[in-house]
Amino acid sequence: MGTSFGRGAGTTALWDLANADCLIVMGSNMAENHPVAFRFLLEAKQRGATLIHVDPRFTRTSALCDIYAPIRSGTDIAFLGGIIRHVLENDLWFRDFALAYTNIADIIEEGYEDAEEKDGIFSGFNAAQANYETGTWQYKGKKVPSSIAEHHAESRESTRDSGSMSDGPPPKDPTLQHPNCVYQILRRHFARYTPEMVERITGCPKETFMKVAEALARNSGPERTGTFCYAVGWTHHTVGVQIIRACSILQGLLGNIGRPGGGIQALRGHSSIQGSTDIPTLYNMLPTYLPQPDAFKSHDTFQDYLKEETPATGWWHNFPKYMVSLLKAWYGPGARPDNDWGYDFLPKLTGDHSQLPMTLAMADGVVKGQFIFGQNPAVGAVNSELVEHGLAKLDWLVVRDFAMVETADFWQKGRRVQKGETTPAQIGTEVFFLPAAMPGEKDGSFTNTSRLVQWHDKVLEAAGDNRSDLWFVYHLGKRLKQLYAGSTARRDAALLALTWDYPERGERREPDPEAVLREINGYTVADGKQIEKYQELKDDGSTACGGWMYCGVYPKEGHNQARSRIPDGPDGPGSHMNWAFAWPSNRRTLYNRASADPQGRPWSERKKMIWWDEGQGKWTGTDVPDFIPTKRPDMRPDWSKHPKGMDALGGDDPFIMEADGKCQLFVPTGLRDGPLPTHYEPVESPVRNILYGQQHNPTAKLWPRPGNEFNEPEDPRFPYVFTTFRLTELHCGGIPTRVAPHTAELQPEAFVEIPTELARELGIRHLDWTVLSTRRGEIEVKAMVTNRLRPFVIDGRTIYQIGMPWVFGWDGYARGAPANALLSIYGDANTSIHTTKALTCNLRPGRLGPPGRMSHAGA
Amino acid sequence: MKKLRRGIAGRISGFVRDWSLPRQFAGQSVMSEAAKSTLSKTLRPRLEEADAVGTSICPFCAVGCSQLIYAKNGKPIHIEGDPRSPVNQGTLCPKGAATLGALLSPERINTVLYRAPHSDTWERKPLDWAMERIAQLVKKTRDDTFVEKLPSGKRVNHTLGIGSLGGATMDNEENYLIKKLFGGGLGIVNIENQARI
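Residues numbered from 1 in each chain as written. Chains lettered and ligands numbered in written order. Predicted model: local features only at pLDDT ≥ 70, side-chain atom pairs only at ≥ 80, totals over all residues.

## Points about the overall build of chain B
Part 1 of the reasoning: Regarding its fold elements, chain B presents 7 helices and 8 strands.
Part 2 of the reasoning: The C-alpha atoms of chain B give 29 Å as radius of gyration, which overshoots the globular expectation for 197 residues (16 Å, by more than 25%).
Part 3 of the reasoning: In terms of overall dimensions, chain B has C-alpha extents of about 95 × 40 × 30 Å along its principal axes.
Part 4 of the reasoning: Taking all 197 residues of chain B together, 44% fall into the buried category.
Part 5 of the reasoning: A fraction of 31% describes how many contacts in chain B between residues 6 or more apart in sequence connect residues 24 or more apart. (Helix = DSSP H or I, 4+ residues; strand = E, 2+ residues; numbered from the N terminus. Rg over C-alpha atoms; globule rule 2.2 N^0.38 Å. Buried ≥ 20, exposed ≤ 12 C-beta atoms within 10 Å, placed from the backbone. Contact = placed C-beta atoms within 7 Å.)

## Topic: the confidence of the model for chain B
Residues shown with low pLDDT carry predicted positions that ought not to be read at fine detail.
Part 1 of the reasoning: Scored by pLDDT, chain B comes out at a mean of 93, with 96% of its residues at no less than 70.
Part 2 of the reasoning: Across the interface, the model reports ipTM at 0.96; the global pTM reads 0.95. (pLDDT = per-residue confidence, 0-100.)

## Section: the packing of helix H16 (residues 355-363) of chain A against helix H18 (residues 384-393) of chain A
In helix packing, the relevant descriptors are the interaxial angle and the interaxial distance, both defined with respect to the helix axes.
Residues and elements named next belong to chain A.
Part 1 of the reasoning: At a minimum axis distance of 7 Å, the contact between H16 and H18 shows a crossing angle of 50 degrees. Taken together, the axes of H16 and H18 are oblique relative to one another. Of the two possible hands of crossing, H16 and H18 adopt the one that is left-handed. Across from Thr359, Met362 and Ala363 in H16, the residues of H18 making contact are Leu386, Val387, His389, Gly390, Leu391 and Lys393.
Part 2 of the reasoning: For the contact of H16 with H18, the class distribution of residues is 5 nonpolar, 3 polar and 1 charged. (Axes fitted to C-alpha atoms, helices over the stretch in contact; angles between N-to-C directions. Parallel < 35°, antiparallel > 145°, perpendicular 65-115°, else oblique. Left-handed = near helix turned anticlockwise from the far one by under 90°. Nonpolar A, V, L, I, M, F, W, Y, C, P; charged D, E, K, R; others polar.)

## Focus: the environment of Ala814 of chain A
Residues and elements named next belong to chain A.
Part 1 of the reasoning: Relative to the helices and strands, Ala814 is located in the loop between strand E29 (801-805) and strand E30 (826-827).
Part 2 of the reasoning: What makes Ala814 buried here is the crowd of 25 C-beta atoms within 10 Å.
Part 3 of the reasoning: C-alpha of Ala814 to C-alpha of Leu730: the two residues are 84 residues apart in sequence and 9.0 Å apart in space.
Part 4 of the reasoning: Residues within four places of Ala814 in sequence aside, it is in contact with Leu730, Arg738, Ala744, Gln747, Pro748, Glu749 and Phe808.

## Notes on the domain arrangement of chain A
Residue and element names in this part refer to chain A.
Part 1 of the reasoning: Domain annotation of chain A identifies domain 1 (355-484) and domain 2 (701-857).
Part 2 of the reasoning: The distance between the C-alpha centroids of domain 1 and domain 2 comes to 25 Å.
Part 3 of the reasoning: Domain 1 puts 26 residues into the contact, and the matching count from domain 2 is 28 residues.
Part 4 of the reasoning: Counting only elements with at least two residues in the side of domain 1 that touches domain 2, the list comes to H16, helix H17 (377-380), H18 and helix H20 (415-418).
Part 5 of the reasoning: Residues that form the side of domain 1 that touches domain 2 fall into these classes: 11 nonpolar, 8 polar and 7 charged. (Domains from an automatic or database assignment.)

## Focus on the nonpolar core
Part 1 of the reasoning: Among the nonpolar cores identified, the biggest contains 296 residues, and Leu23, Val182 and Leu250 of chain A are the most heavily contacted of them.
Part 2 of the reasoning: In this structure Leu250 of chain A touches Leu80, Ile83, Ile84 and Val87 of chain A, once residues within four positions along its chain are discounted.
Part 3 of the reasoning: With 7 residues, the next largest nonpolar core counts Val459 of chain A together with Leu68, Tyr70 and Ala71 of chain B among its residues. (Core = buried A, V, L, I, M, F, W, Y, C linked by C-beta atoms within 7 Å.)

## Observations concerning unusual backbone geometry
Residues and elements named next belong to chain A.
Part 1 of the reasoning: Omega for the peptide link from Gly572 to Pro573 comes to 5 degrees, which places this bond in the cis form.
Part 2 of the reasoning: With respect to the helices and strands, the residue Pro573 is situated in the loop between strand E18 (543-544) and strand E19 (581-582).
Part 3 of the reasoning: For the peptide bond that leads from Trp583 to Pro584, omega is -10 degrees, which places it in the cis range.
Part 4 of the reasoning: For Pro584, the position within the fold is in the loop between E19 and strand E20 (610-613).
Part 5 of the reasoning: In the Ramachandran plot, Asp119 falls in the positive-phi region, its phi being about 60 degrees despite a non-glycine side chain.
Part 6 of the reasoning: Considering the arrangement of structural elements, one finds Asp119 in the loop between helix H6 (95-101) and strand E4 (125-126).
Part 7 of the reasoning: In the Ramachandran plot, Ala580 falls in the positive-phi region, its phi being about 55 degrees despite a non-glycine side chain.
Part 8 of the reasoning: Counting through the fold element by element, Ala580 comes out in the loop between E18 and E19.

## Quick look at the interface of chain B and chain A
Part 1 of the reasoning: Taken together, the 103 residues of chain B in the interface contact 131 residues of chain A.
Part 2 of the reasoning: The greatest single-element share of the side of chain B that touches chain A, amounting to 13 residues, is contributed by helix H7 (residues 172-185) of chain B.
Part 3 of the reasoning: Grouping the constituent residues of the side of chain B that touches chain A by class yields 51 nonpolar, 33 polar and 19 charged.
Part 4 of the reasoning: With 4 bridges joining them, strand E10 (residues 369-373) of chain A and strand E7 (residues 155-165) of chain B adopt parallel strand pairing. The partner of Ile372 of chain A across the bridge, within E7 of chain B, is Leu165 of chain B. (Pairing = 2+ DSSP bridges.)

## Points about the sheet that holds strand E1 (residues 52-57) of chain B
Paired through backbone hydrogen bonds, the strands of a sheet run either parallel or antiparallel to each other.
Residues and elements named next belong to chain B.
Part 1 of the reasoning: Reading across from one edge, E1-E2-E3 is the order of the 3 strands in this open sheet, with antiparallel pairing throughout. Sheet topology places E1 and strand E3 (75-81) at the edges, where each strand pairs with a single neighbour. Looking at each pair of strands side by side, their axes are set apart by 25 degrees on average, direction ignored.
Part 2 of the reasoning: Where strand E2 (residues 66-72) lies against E3, 6 bridges are found, and the strand directions are antiparallel. What sits directly across from Ile69, in E3, is Ile79.

## Considerations on the sheet that holds strand E14 (residues 452-456) of chain A
Part 1 of the reasoning: If you trace the 3 strands from one edge of the open sheet to the other, you get E13-E14-E19 (chain A), paired in antiparallel fashion. Only two strands of the sheet have a single neighbouring strand rather than two, namely strand E13 (444-447) and E19 of chain A.
Part 2 of the reasoning: The sheet contact formed by E14 of chain A and E19 of chain A spans 2 bridges and is antiparallel. Bridging from a neighbouring strand, Val453 of chain A pairs with Phe581 of chain A of E19 of chain A.
Part 3 of the reasoning: Lying over the sheet, H7 of chain B contacts E13 and E14 of chain A, oriented at roughly 95 degrees with respect to E13 of chain A.

## Regarding the packing of helix H21 (residues 469-483) of chain A against helix H6 (residues 127-145) of chain B
Part 1 of the reasoning: With their axes 9 Å apart at the nearest point, H21 of chain A and H6 of chain B run at an angle of 55 degrees to one another. Our classification of the angle between H21 of chain A and H6 of chain B gives oblique. You can see that H21 of chain A and H6 of chain B cross each other, and the crossing is right-handed. Here His475, Leu476, Arg479, Leu480 and Leu483 of chain A of H21 of chain A lie close against H6 of chain B, whose contacting residues are Met131, Glu132, Ile134, Ala135, Val138 and Lys139 of chain B.
Part 2 of the reasoning: Looking at the contact of H21 of chain A with H6 of chain B residue by residue, the class counts come to 7 nonpolar, 1 polar and 3 charged.

## Quick look at the pairing of strand E23 (residues 720-725) of chain A
Residue and element names in this part refer to chain A.
Part 1 of the reasoning: By the criterion of burial, E23 is predominantly enclosed, with 5 of the 6 residues buried.
Part 2 of the reasoning: As judged from the 3 bridges shared by E23 and strand E31 (residues 839-845), these two strands associate in the antiparallel manner. Paired with Val721 across the bridge in E31 is Thr840.

## Here we look at the pairing of E29 of chain A
All names here are of chain A.
Part 1 of the reasoning: Most of E29 sits inside the fold, with 4 of its 5 residues counted as buried.
Part 2 of the reasoning: Looking at chain direction, E23 and E29 are connected through 5 bridges and run parallel. Residue pairing for E29: Phe725 is matched across the bridge by Pro805.

## A short note on H21 of chain A
Part 1 of the reasoning: Look at H21 of chain A: 21 Å from first C-alpha to last across 15 residues, which is about the 21 Å you get at 1.5 Å a residue.
Part 2 of the reasoning: Buried within H21 of chain A we find Asp469, Leu470, Trp471, Phe472, Val473, Tyr474, His475, Leu476, Gly477 and Leu480 of chain A. (Expected span 1.5 Å × (residues − 1).)

This is how it looks when you write it as structure tokens:
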């Protein structure tokens with residue numbers, strides 16, 4: 001979504017889902033995994049909306065929807081591409097919206113060659129390095145900078161725009177006849193994604209597919225809107241980003257973005273997964289989407305870095321203000337003009353330092369010490385035995401959690417120890433288990449899946465040595481500052497300069513989380529006064545701000561907006577502006593300028609949200625405008641002045657984070673695997689790619705090595721499609737629900753879900769023991785034989801898919817084999833996200849021999 | 001609670017008095033008046049015993065349901081959905097409704113556990129000892145692995161020897177301090193959380 005619209009976040013408030021006329025849940029089992037948010041879909045259904053579930057498994061979500069479309073795991077792009085084709089070929093797209101607000105009319109460089117011409121590969125492919133040079137993907141004569149650090153940090157290419165975007169608008173053909181305009185490229189690219197092709201690839205009957213395509217198109221336009229809801233069923237593939245891209249193209253074409261009931265809702269799995277992306281504990285970003293400096297980019301000096309990362313046009317032109325303010329917040333008086341605000345203190349990247357390569361770095365002895373905060377990779381990470389192998393190689397390991405987790409006691413009870421491959425005496429890792437306080441026992445803020453920053457109170461004191469993670473990091477920092485005190489080494493200067501003076505409370509000397517939130521919000525350096533909005537930030541060192549997008553969350557002394565708890569009454573307007581804080585600037589629906597037509601009038605009375613008020617000379621409505629509040633709809637850039645920043649965007653450019661203000665149906669820069677989504681088979685697949693000679697994503701991140709082998713396509717030893725999933729009652733790999741008596745009792749042990757036809761073929765009865773195997777390992781688990789999984793007919797062949805919840809391990813009350821022991825480490829081309837949803841395996845009745853038989857698997 | 005009546009006559013009259021059906025036929029609502037009995041009049045909601053209440057956010061998925069946590073003498077006694085929240089309007093899912101069970105789980109460990117290299121057991125250690133030991137280990141590993149410049153002469157100022165995983169279950173303030181101390185202070189680049197998995 002970052003590359004398509006400008007920000008990598010769900011676009012609407014959760015309660016806005018009730019305003020949609022058509023809701024497609026795809027890549028998510030929302031009724032079971034986000035049940036409380038699913039209420040808004042049922043509310044929409046009561047108002048007459050059509051609910052659709054597209055998923056390999058028939059679940060409670062399917063049962064509550066009007067249409068259920070089964071698809072084989074990993075074929076989402078074929079399905080969505082089919083809808084894009086249907087919409088384009090039958091002229092069902094929202095022409096006034098897409099022509100004005102997307103890059104559909106933009107003309108792409110002449111050298112551009114599509115995957116359609118090159119059998120699944122785009123122009124610019126470098127086979128030796130498995131990556132693309134994106135020169136031919138640009139607007140003709142332009143270089144378009146990417147909108148978001150999250151995506152371009154991974155690319156080695158310069159995103160610098162020498163100013164071509166300021167010279168004039170990108171060339172367009174409003175008649176859409178130019179052979180290289182985005183419209184024509186889209187039509188050619190998806191021409192073969194016919195309903196018949198969709199059926200051959202996905203296994204979804206073409207009649208069912210057509211019902212979905214027609215329902216979505218019927219419910220889009222000036223009077224109606226549709227929303228997609230997705231979760232990790234879309235992201236956990238080597239083409240995860242491109243699945244979301246396909247959805248973004250569709251929503252851009254249909255005008256379902258920035259409007260009431262129109263958008264894309266990313267359903268995230270952890271309480272603050274959005275927050276930990278915004279204020280990132282991620283390697284490639286500094287707080288709120290500023291790129292981490294990279295040794296292999298033009299980032300040597302601060303000037304180089306700013307020059308490289310500051311686009312000439314669009315909102316990100318303000319980048320230097322946010323960067324200097326961050327350095328001021330981190331290094332205080334140590335950030336001075338003469339030391340480039342402490343830029344050299346920041347460590348530089350030298351590669352992909354995300355979780356999958358980090359796991360391999362542990363196994364290779366590169367990472368020697370590891371902290372784990374409320375995560376459980378021994379259960380939750382793919383190829384869990386390789387994870388155990390890595391943990392055993394560490395010098396030291398610190399695990400913070402509520403109760404004993406598999407990651408902390410792997411040396412005692414892990415799979416490798418149980419199988420007799422190793423013993424505690426052979427494992428040299430020094431392990432610390434530090435008990436952690438839970439919400440209720442500490443205060444702080446979570447950011448929910450729709451960007452809502454909500455404060456939670458401390459109601460009680462945690463028992464014993466339980467402490468908040470804030471306490472742990474703060475006091476560890478204090479001790480380290482003491483250990484390094486007096487050092488004059490250049491390498492230690494950053495730590496010594498780091499501002500670290502948060503007020504302490506009570507006997508436990510708990511740091512005040514509100515003081516941290518105030519720093520994230522930002523303040524003026526001279527008098528320490530809170531700033532109210534990020535428009536006040538400066539690049540001269542006079543302001544400090546730990547996360548510019550969160551400005552406004554603590555706008556005044558004593559005013560913590562995240563703690564505000566005033567909902568709207570039944571009379572509306574229902575945007576609940578005084579319930580907590582939504583970044584940015586309390587905007588509830590992103591890109592909401594698009595809820596009005598180019599002249600600034602609502603598209604329809606039924607779907608109005610923001611409109612231009614000529615009398616007041618500003619944008620007004622039920623939400624905070626995601627736009628310059630006083631910019632007239634008829635304002636046009638004065639290209640004779642080479643406009644910079646927002647001056648280069650007109651009053652009808654709603655996507656202000658993009659360099660041209662348009663929704664990117666075609667993405668010139670920012671993606672590693674192509675400007676358009678293309679159907680590739682999963683790395684492990686029982687079938688060949690029917691559409692192209694290229695079998696799987698040519699830029700997928702693969703790390704083949706002993707212990708991390710892949711099953712070849714069509715490998716007869718591993719004939720079944722395998723997917724993993726979650727359960728309502730147990731939360732991810734996290735231990736809290738497996739030690740909570742009620743939830744553990746409701747889901748007491750692991751199982752594998754098998755279609756009835758396959759079970760009959762293999763002689764497996766309900767609750768029989770079975771053995772699942774891949775090239776990474778074998779596990780034994782009980783069978784659950786159901787009709788919820790149906791055999792697929794793929795290009796004339798019957799293909800079975802089986803599924804297993806991955807939430808079990810050997811600790812807590814609810815136990816069972818970890819499904820992740822079967823998975824391997826390889827990642828999405830753009831994000832390095834692992835694949836858990838589509839791979840292959842074998843299945844047989846019976847049990848493992850004694851060495852492999854896990855004591856946790858029961859009798 | 002006072003003892004209820006004894007004897008056949010008393011039991012019969014008590015039964016007749018508490019029998020709900022005639023009152024329902026008389027038009028009383030089964031949801032209120034007709035549901036009352038001698039016993040129900042003596043029952044009190046346990047929330048009345050709470051001496052503290054606060055607004056929390058459910059610690060599980062990212063929907064962000066508001067919860068009300070009620071406590072008595074510093075112990076949680078009840079957790080329910082906050083009816084004011086436009087997100088959950090008082091409801092909770094099975095996980096959210098079990099938050100009290102997680103908070104009070106007998107499996108929680110309230111002391112620091114330490115496993116020495118090659119040992120086959122956990123031992124209890126004081127928190128202060130563990131914090132100091134961890135700080136020393138961080139310093140040693142950092143000092144051993146810190147790289148100021150690549151062989152090419154490029155300045156990197158980082159260590160690849162220490163990693164940090166986790167954060168998606170934690171507060172924004174906690175993530176901020178991790179990134180600030182580990183990245184901005186110590187030069188650690190291997191910082192990741194569940195957002196990518």
